[in-house]
Amino acid sequence: MKPYPFKYVRAEGLAAVFQQFEEHGDDAQVLAGGQSLMPVLNMRLSAPRVLVDINRIEELRGIALDGGEVRIGALTRHREVLESEVVRTHLPLLAEAMPHVAHVAVRNRGTLGGSLALADPAAEMPACAVALGATLVLRSAAGERTVAAEDFYQGLYETERRPDEVLTEARYPIAGPGYHGAFQEFARRQGDFAVVGVAARGRVESGVLSELRLVYFGCEGHARLARQTALAAEAGGRPYTPQVFAALKDALAEELDPMENMHGSRATKLHMAQTLTGRALQALLARAGGAVHG
Amino acid sequence: MSGKAGASSSNSTNPTNPIGQAIPRASVRRLVTGRGRYTDDMTFARMVHAVFVRSPFAHARILSIDTGEAARAPGVVRVVTGAEVAEVCKPFQVRHAGFPALKVTPQHVLAVDKASWQGEAVAAVVAESRAEAEDAAELVMIEWGELPAVADADAALAPDAPLVHQELGTNEALALTVDGGDVDGAFADADVVVEEEFRFARHTGVTLEPRCIIADYDPSTHALAVHQSHQAPHEMADVYARHLGFPGHNVRVVAPDVGGAFGLKLQPYADEIATCALSMLLGRPVKYTADRLESFVTDIHARGHHVKARMAVSADGDILGLEVDDVYGIGAYSQFPRTSVFEGVHVLRMSGVAYKHTNYRARVRVAYQNKALSGHYRGVGMPIANTVTERLVDMATTELGLDPVAFRRRNYVPSEAYPHTAPTGFSFEYMSLGECLDKLEELVDIPALRAERDSLRADGVYRGIGIATFTETTAISPEYYGKAEIRVAAQESCVVRLEPSGHVRCLIGMTDQGQGTATGIAQVVAATLGVPVDDVEVISGDSAATPYGAGAFASRGAAIGGEVALQASRALKENILAVAAAILQEEPAALDLSDGRIVAAAGGTARMELAEIADIGHFRQNILPPDVQPQFTVARHHVPRALPHLSGNGIQLSYLEVDPGLGAVKLLRHAVVHDCGTVINPLLVHEQIRGGAVQGIGSALYEESVYNNEGQMLNASLADYLVPMAAEIPDIEIADVITPTRSSELGAKGVGEAGVTGASPAILNAINDAIGPLGGRLAEIPATPERILRALGVV
Amino acid sequence: MDDTIEITLTVNGETVTRRTSPRQHLVDFLRGELGLTGSHVGCEHGVCGACTIRLDGRAVRGCLTLAVQADGARVETIEGLTESSEISDLQRLFVERNAAQCGYCTPGMLLTAAELVAAGQAMPRAAIRDFMSGNYCRCTGYQAIIDAIEHVLEARFGAPAKEEG
């Protein structure tokens, strides 16, 4: 189980990466943390001719509080996100999700940008980015552009990133007071990819829920923002009783179309998503200080 | 493997009797410092690497193979096909004298005309590096003619099923039946009949160290030296000699440190024997290490049973009869040389044996299918027998509203009934069933647990308690393979020798893959001889250096290996005392050995250091009387003959919570009470139970080799095949009941399979206890969320 | 295409320079080129943890990092941690508790546990289990491993704060 041969290029800066793209086009593959790419290479499921290692590009690392947003460089390791005070304070949803991401040795090496760019349908980071309304920064030789996370994810491992672009940063807006998040994931074992999960974020004022975003992962081909279900939740009225959450099941069944896989049929995953939706909303409201009645 | 067994600290050794002491294994010191030496750690001069081209199809004819381009690839030394290897290597031909009806067909080590499962090796590439061999393997061009495959065992037995082996005319390898007592009468008389249809998924052993072999053929002496990650080096040496055409003494198999085995490394594998053949073709060392992906499709699998069973019970709670009908899929071939049928035999012969009913009927149909071979993995069929029995028992108690603890106690074979022959035909020296249940009630406050469960149910928390009695056969006699005319030894052999320093070396055929058998044997030697455990080194795992033994299987290490070590040590002690008596001018009977000294048998006064005797016996024989010849090397063999097998038993309890919203199971507590007879080392015995229980928990909740109908394994990676990890497993509470077997002096009965044998029924009973109030009922393992949600009727 | 590349790195405190194929992962390099066979290969897809080593002070999967990526880096293996005595208490407890059977997972377990110990605080048992959940052991059932780590954490840092819930 050894990779196909490839040429290895260590890029010291983004310019060198773009040059490799220019020279080799689709045959060049960016190597970030490698925690998803390396297994694929070892199993010979992919055969890039050139591997462009971006791990030494310092400008892609770091977590910064910048005005109304938190900027996280693409090469920032999962561990750094997990341990970040800035993230804990300003992006509690991300902090809540991070312990679900793999295990210590993988978090030490795997990167936020790698996870966001790969777009694994069962991964936590894309769902959180969509739930938090993050903006992703893409850079190419031609310049920089930004894409809203919810527009970035297009299909199964399909994103808005063009082959000549590198995802360099994720920018998470800092929510004002009244916004709360909740993260619910079911995995077969600690640290496994989700069977089903939901990242929820919304505003609660005087016990009224608004601006709710429910993002499901492990369900469809990519992190899926369920707008109708969120509207149904908001419209459910006060108090948010278990009956209100029960009513959401129909909305979710209408809106979400989970893919069957080894861990569950469509029906099973939908049932799990319904369960997790209720739990996420209860947790979100509980954090807002509102009692869940019933 | 060699390792000095002994204590790392002085507090644990009782010099007078090390048996029963929790002595740490000295060999762990090597393992924790990176000094373990596994087969893949070794390299030899001119060593090359083999990679196998494997069938991507479950069933396909090989129309042509073109090796030309592969042979020209960088680093490649040789590319061979099945036909070329067949010239130096005989195919496996399974035969079992006890089952003359077993339908078999020869298995070539590399497929010659057709492949019969996804993963079967069809060609081999040898290159300077593993990576280059993999590169070239992709250049071997094979034209395939796909054949219809049959994956499901029931489907394989259907009249119009595609045949795995055309020449056999059927996929039914064997059908076994037992019919004892008046089963029809028992069911006619029953007040309650409980009936269930069980499915036990196929799973596999997943040793952390993959299979690995280095074969080194020397044409100048026509000798084959093999290093191999294996449980039975002697048996392998015999297989290699007979299949590759060597005189027996020209083959040496060394098993160094072995990174997990569990039955998975008990058999000859086609690709391993092919590696030996490649070394013969090349005249240089060839290494083959299975990678994880090929491990999943070539390592032995196990289980894979579909059982319909029913139990007849009277209104006051007597089991009246039991009927079991099993379909067991063994994959494409019956495993050589043991055959794959023992899983089925154990279902047939071990179902319901804890209980005193006399009416039993069972049928097991063994089916070929286009899947990886299934066979001997820890527990061998006994988890199936126990799960079927214990689940039916719980169903009966639920139906009758009886206490599952009292019901079991009422129905157990009573202690005065032994020796007992069950209606299955198997006999049992003794089973401490009631004692184990009593002990479980001491270990776990079951009424308190029930109260907690019941009060939480009111809050919508669904917890369940499951108990499961389990029975096992261990340490089998020649009544099994001897009678079957299969070349698998029942004996163990041991050489014990007094070294010139006064220390002791024990060379034994038994092997140790981390169970701690070597330490246990050192304790037996030390106890018998009267020397400190630290003074004994146990050497095993080398077919040339150690006397013949069958190695590790069927929980025989302590029972048979321990007994032969005892017998040999006793003989050596007599010899030592004879020399001491000559020196001290005493009668041998007046002397004894204790803590490395010659002492007076009466009173224990120290007379002489053992080291001094050793020195005289090796270097200064001149001071001995002329007729005294020191015999400081002693060999003994031990074959268990008194009983066909030993009988272990125990009981397990699971306490868990089912999340009905997700179908998830959280195991909260797990307890095991076991009777392995004499406990030589409780630290190691309990560790065996825990490790086994966790494998059983894995089979109950996580592990499954998922195949589609075309015979493709869908989860053949460690990311997709789920094994239990630390976070999923609770601490496991353990207690011992000790009933030594009377068939040996040592009295040990074996412990390796206890944990795995009783865990799955305890878990399945607990899950049913939890979901029963929600109207759910489950009879399939692993109990995945999908299956639990289906059982609850919510999806 | 598969031309070797020269790399210089510090392994267990010693500077080594070797040529390596770009496709060789770090654990194959350590085992094959340097004879550091204490790190094991279990799955080569990052799941089992047998290859866990330390790269620039952090536990990583040796099969998911290329040897060429370790150019200029500091690598430590079980052999190095043994020589420095950094985890001698963990190793002693693994022996005493029989926290290893076949021993194949053990170096990786110890490297992961070393990171936990290096974090410098006691931890509740359940958290230790979570932390160690990326390392597969087929033999022990994990309990003895958790016992050993818990004991070392308590000996070094005292009892953990009471578990929540």
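Trainee: Got a minute to help me understand the interface of chain B and chain C in this structure?
Mentor: How big an interface is tends to be expressed through the accessible area that disappears when the partners come together. Every contact between the two is made by 53 residues of chain B and, on the other side, 47 residues of chain C. Taken over both partners, the interface formed by chain B and chain C buries close to 3900 Å², and the fraction arising from carbon and sulfur atoms is 57%. When the buried surface of chain B facing chain C is broken down by residue, Val 32, Leu 208 and Glu 687 of chain B rank first, second and third, together holding 18% of it. The tally of links between chain B and chain C comes to six salt bridges. Asp 40 of chain B is the partner of Arg 31 of chain C in a salt bridge, and the nearest nitrogen-oxygen pair spans 3.0 Å. Run the count over chain B and chain C and you get 26 residue pairs in polar contact (both at pLDDT 80 or more). Where the side of chain B that touches chain C is concerned, the elements lending two or more residues are helix H1 (28–32), helix H4 (130–137), helix H9 (292–298) and helix H19 (682–701) of chain B. Counting residues per element, the side of chain B that touches chain C draws most heavily on H19 of chain B, which supplies eight residues. Looking at the side of chain B that touches chain C residue by residue, the class counts come to 26 nonpolar, 14 polar and 13 charged.

Trainee: How should the sheet that holds strand S10 (residues 166–173) of chain A be read in this particular structure?
Mentor: Note on sheets: strands pair through backbone hydrogen bonds, and any given pair is parallel or antiparallel. All names here are of chain A. Here five strands make up an open sheet; going across it, the order is S4-S5-S10-S6-S7 and the pairing antiparallel. Looking at which strands have only one partner, the edges of the open sheet turn out to be strand S4 (63–66) and strand S7 (143–148). Each neighbouring strand pair of the sheet contributes to a mean axis angle of 25°, computed without reference to strand direction. In terms of strand pairing, strand S6 (residues 135–140) meets S10 through five bridges, oriented antiparallel. Among the inter-strand pairings, Arg 139 is bridged to a residue of S10, identified as Val 166. Each of S6 and S10 is contacted by helix H1 (residues 14–24), which is oriented at about 130° to S10, the strand it contacts most.

Trainee: I would appreciate a short explanation of helix H11 (residues 382–400) of chain B in the present structure.
Mentor: Given 3.6 residues per turn, any residue in an α-helix points the same way as the ones three and four places further on. Between its first and last C-alpha, H11 of chain B extends 27 Å over 19 residues, near the 27 Å set by a 1.5 Å rise per residue. When you tally the buried positions in H11 of chain B, you get 16 out of 19 residues, the bulk of the element.

Trainee: Hey, could you run me through the confidence of the model for chain C in this one?
Mentor: Do not read the fine detail of predicted coordinates wherever pLDDT is low. For chain C, the mean per-residue pLDDT works out to 96, and 96% of the residues sit at or above 70. The complex prediction reports pTM at 0.97, with the ipTM value standing at 0.97.

Trainee: What is the right way to look at the environment of Leu 225 of chain A in this model?
Mentor: Residues and elements named next belong to chain A. Within the fold, Leu 225 resides in strand S14 (residues 224–225). A C-alpha to C-alpha distance of 8.2 Å links Leu 225 and Ala 127, two positions 98 residues apart in sequence. In this view, Leu 225 contacts Val 130, Glu 150, Arg 213, Leu 214, Val 215 and Glu 255; residues no more than four positions away in its chain are not counted.

Trainee: Before we go on, may I ask you to explain the pattern of salt bridges in this structure?
Mentor: Think of it this way: side chains of opposite charge can pair up when their charged atoms draw near. Overall, the coordinates contain 99 salt bridges over all chains when judged by the stated rule. Between Arg 44 of chain A and Glu 134 of chain B there is a salt bridge whose closest N-O contact spans 3.4 Å. Note that Arg 44 of chain A is positioned in the loop between helix H2 (37–42) and strand S3 (50–53) and Glu 134 of chain B in helix H4, a pairing that runs across two chains. For the residue pair Arg 44 of chain A and Glu 134 of chain B, the accessibility class agrees, reading buried in each case. The partner of Arg 171 of chain A in a salt bridge is Glu 169 of chain A, and the shortest N-O contact between them spans 2.6 Å. Residues Arg 171 of chain A and Glu 169 of chain A agree in their burial class; the two are buried.

Trainee: Please clarify how the environment of Thr 111 of chain A should be interpreted in this entry.
Mentor: Within the fold, Thr 111 of chain A resides in the loop between helix H6 (104–107) and helix H7 (112–118). C-alpha separation for the pair Thr 111 of chain A and Arg 77 of chain A, spaced 34 residues apart in sequence, amounts to 4.2 Å.

Trainee: Looking at this structure, how should I read the packing of aromatic side chains?
Mentor: Geometrically, a pair of aromatic rings is defined through the distance of the ring centres and the angle of the planes. Taken as a whole and assessed by the stated rule, the structure comprises 16 aromatic pairs over all chains. Judged by centre distance (5.0 Å) and plane angle (90°), the rings of Phe 152 of chain A and Tyr 153 of chain A are edge-to-face. Note on accessibility: Phe 152 of chain A and Tyr 153 of chain A belong to one class, buried. Summarising the aromatic geometry, the rings of Phe 92 of chain B and Phe 336 of chain B are spaced 4.8 Å apart at their centres and angled 5° between planes, so their arrangement reads as stacked. Taken together, the residues Phe 92 of chain B in the loop between helix H3 (82–86) and strand S5 (114–115) and Phe 336 of chain B in the loop between strand S15 (319–331) and helix H10 (342–350) connect sequence positions 244 residues apart. This pair shows no difference in class: Phe 92 of chain B is buried, exactly as Phe 336 of chain B is. An aromatic cluster is present here, built from Phe 342, Phe 426, Tyr 480, Tyr 481 and Phe 553 of chain B joined pairwise through their rings. Just above the ring of Phe 187 of chain B sits the side chain of Arg 310 of chain B; from NZ or CZ to the centre is 3.8 Å.

Trainee: Before we go on, may I ask you to explain the interface of chain A and chain B in this structure?
Mentor: Taken residue by residue, the interface counts 22 residues in chain A and 34 residues in chain B. Carbon and sulfur atoms make up 60% of the area that chain A and chain B hide from each other, which totals about 2300 Å². Among the residues of chain A in contact with chain B, Met 1, Arg 188 and Arg 189 of chain A are the three that bury the most area, contributing 31% of the side total. In this structure, Glu 138 of chain B engages Arg 44 of chain A in a salt bridge whose closest nitrogen and oxygen atoms are separated by 3.5 Å.

Trainee: Any chance you could explain the sheet that holds strand S19 (residues 462–474) of chain B here in plain terms?
Mentor: All names here are of chain B. Read across the open sheet, the four strands follow the order S19-S27-S28-S29; overall the sheet is mixed. In this open sheet, the two strands that pair with only one neighbour each are S19 and strand S29 (732–736). The mean angle between the axes of side-by-side strands here comes to 15°, regardless of whether they run parallel or antiparallel. Pairing of strand S27 (residues 646–659) with strand S28 (residues 664–675) involves eleven bridges; the strand directions are antiparallel. Note on S28: the bridge partner recorded for Leu 656 is Leu 667. In the packing of helix H14 (residues 446–457) onto the sheet, contacts are made with S19, S27 and S28, and the angle to S19 comes to roughly 145°.

Trainee: Could you clarify how one ought to interpret the pairing of strand S13 (residues 208–217) of chain A in this entry?
Mentor: When a strand is regular, its side chains alternate between the sheet's two faces. Residues and elements named next belong to chain A. Buried residues dominate S13, accounting for seven of its ten residues. With eight bridges joining them, strand S12 (residues 196–205) and S13 adopt antiparallel strand pairing. Paired with Ala 200 across the bridge in S13 is Leu 214. Between the end of S12 and the start of S13, which pair antiparallel, lie two residues, with Ser 206 showing a positive phi angle near 50°. The sheet contact formed by S13 and S14 spans two bridges and is antiparallel. Note on S14: the bridge partner recorded for Tyr 216 is Arg 224. Between the end of S13 and the start of S14, which pair antiparallel, lie six residues, with Gly 218 showing a positive phi angle near 75°.

Trainee: I tried to follow the side chain of Thr 289 of chain B on my own but got confused; where do I start?
Mentor: Residue and element names in this part refer to chain B. Within the secondary structure, Thr 289 sits in strand S13 (residues 286–289). On the basis of relative accessibility, which here comes to 17%, the residue Thr 289 falls in the buried class. Not counting the four nearest positions on each side in its chain, Thr 289 is found in contact with Asp 40, Arg 130, Arg 211, Cys 212 and Glu 294.

Here is what the cut-offs are and how they apply
- Residues numbered from 1 in each chain as written.
- Chains lettered and ligands numbered in written order.
- Predicted model: local features only at pLDDT ≥ 70, side-chain atom pairs only at ≥ 80, totals over all residues.
- Heavy atoms only, no water.
- Contact = heavy atoms within 4.5 Å.
- Buried area = accessible area lost by both parts, 1.4 Å probe.
- Salt bridge = Lys/Arg side-chain N within 4 Å of Asp/Glu carboxyl O.
- Polar contact = N/O pair within 3.5 Å; in protein donor to acceptor, adjacent residues only side chain to side chain.
- Helix = DSSP H or I, 4+ residues; strand = E, 2+ residues; numbered from the N terminus.
- Nonpolar A, V, L, I, M, F, W, Y, C, P; charged D, E, K, R; others polar.
- Pairing = 2+ DSSP bridges.
- Axes fitted to C-alpha atoms, helices over the stretch in contact; angles between N-to-C directions.
- Expected span 1.5 Å × (residues − 1).
- Buried < 20%, exposed > 50% of the residue type's maximum accessible area, 1.4 Å probe, protein only.
- pLDDT = per-residue confidence, 0-100.
- Phe/Tyr/Trp six-rings, centres within 6.5 Å; stacked < 30°, edge-to-face > 60°.
- Lys NZ or Arg CZ within 6 Å of the ring centre and 35° of its normal.

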